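For reference, the chains in residue letters:
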Amino acid sequence: MLKIAVVEDQTEVRESLCQFIRQYAGEQGLQAEVEPFADGAVIAEGYQPGYDIIFLDVEMSPMSGIETAKELRKREAFLKVPIVYVTSYPDYWRHAYQVHAFDFIEKPLPETRVFQTLRDFLRLVPPQDARTIPLQVEAGEIQQRVDEICYFLCTEKRRVIVHTTSAQY
């Protein structure tokens, strides 16, 4: 399941962004938990890690999106979480990349642009439950979903038997 934070102080924009994300996840058959925040200080000061991606408005108060990202990046758990900046001010892009932004979307938010960002993110970082590993089997190589593997059994003849929820290799 994808866990996505949306930090945006404008209610209408926050709701639209959450709706776009849920719509895209639904169309792709993905489970997504979208958690909205109206203030960057809330996520920066007290929220636990676990987000797969964060959509963050640049211009907010009392804590801007840039300040929020700097605070998050100070924590080990948030170092690799992709941050997508959302703003009406395109001149902020230089500041956004100081904290290693994944993407930068200008308002008003076009649905297609949000979808493209999510598509790019999923190509680079597939959801945890969709990750696969290659397995060499008698018929060649297959890609096995990690979440379907129950256990590995090593035999005396140095063979590994992989037991999954639906098969044995």
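To keep things clear, this report deals only with the structure shown in the data block.

Conventions used here
- Per chain, the residues get numbers from 1 upward, laid out in the order the sequence is written.
- Totals for whole chains, interfaces and linings use all residues, but because this is a predicted model, local features are given only for residues with pLDDT of at least 70 and pairs of side-chain atoms are given and counted only at 80 or more.
- Note that the side-chain values use all heavy atoms of the structure and ignore hydrogens as well as water.
- Strands are runs of DSSP state E lasting at least 2 residues, helices are runs of H or I lasting at least 4, and numbering of each runs from the N terminus.
- Between two residues, a contact is recorded if the distance between any of their heavy atoms is within 4.5 Å.
- Definition of a polar contact: a pair of N or O atoms within 3.5 Å, with one able to donate and the other able to accept a hydrogen when the atoms are protein atoms, and with sequence-neighbouring residues admitted only if both atoms are side-chain atoms.
- Only strands joined by at least two bridges in the DSSP assignment are considered to pair.
- Axis lines are fitted to C-alpha atoms, over the contacting stretch for helices. Their N-to-C directions set the angle, which ranges from 0 to 180 degrees.
- Classification of residues uses two cut-offs on accessible area relative to the type maximum, computed with a 1.4 Å probe and protein chains only: under 20% is buried, over 50% is exposed, and between them is partly exposed.
- The directions from the helix axis to the C-beta atoms form the arc being described.
- Think of a salt bridge as a Lys or Arg side-chain nitrogen and an Asp or Glu carboxyl oxygen that are within 4 Å of each other.
- Remark: nonpolar core denotes a set of buried residues (Ala, Val, Leu, Ile, Met, Phe, Trp, Tyr, Cys) joined through side-chain atoms within 4.5 Å.

1. Observations regarding the environment of Thr87
Mapping Thr87 onto the fold places it in strand β4 (residues 83-87). Separated by 21 residues in the primary sequence, Thr87 and Pro108 place their C-alpha atoms 8.3 Å from one another. In this structure, Thr87 is in contact with Asp57, Val58, Tyr92, Phe104, Ile105, Glu106 and Lys107, ignoring residues within four places of it in sequence. Within the structure, the side chain of Thr87 is placed 2.9 Å from the backbone nitrogen of Tyr89, a separation counted as a polar contact.

2. What about the sheet that holds β4?
Strand order in the open sheet formed by five strands is β2-β1-β3-β4-β5, with parallel pairing between adjacent strands. The open sheet is flanked by β2 (32-37) and β5 (103-106), the only strands paired with a single partner. The sheet shows a mean angle of 20° between the axes of neighbouring strands, taken without regard to direction. Two elements, strand β1 (residues 2-7) and strand β3 (residues 53-57), share four bridges in a ladder whose sense is parallel. Looking at β3, one finds that Ile4 is bridged to Ile53. Strands in contact with helix α1 (residues 11-28) are β1, β2, β3 and β4; relative to β2, the strand with the most contacts, it is inclined by about 175°. Across the sheet, helix α5 (residues 111-124) lies against β1, β3, β4 and β5, angled at about 170° from β5, the strand it touches most.

3. Brief notes about helix α3 (residues 65-73)
Turning to α3, its buried residues are Gly65, Ile66, Thr68, Ala69, Leu72 and Arg73. Considered in projection along α3, the buried side chains sweep an arc of 160° and stay on one side of the axis.

4. Observations concerning the pattern of salt bridges
With the rule as written, the count across this model stands at six salt bridges. Linking Asp57 and Lys107 is a salt bridge whose minimum nitrogen-to-oxygen distance equals 3.3 Å. One end of the pair, Asp57, is in strand β3; the other, Lys107, is in the loop between β5 and α5, with 50 residues separating them in the sequence. Linked through salt bridges whose partners overlap, the residues forming this network are Glu8, Asp57 and Lys107.

5. Things to note about the nonpolar core
Membership of the largest hydrophobic core comes to 21 residues, with the highest contact counts inside it found for Ile4, Val6, Leu17, Ile21, Phe55, Leu109 and Val114. Secondary structure elements with two or more residues in this core: β1, α1, β3, β4 and α5. With six residues, the single largest contributor to this core is α1. When near neighbours in sequence (up to four residues on either side) are disregarded, Ile4 contacts Ile21, Glu33, Val34, Glu35, Tyr51, Ile53 and Phe55. Listed in part, the 19 residues of the second largest apolar core include Ala5, Phe37, Ile43 and Tyr85.

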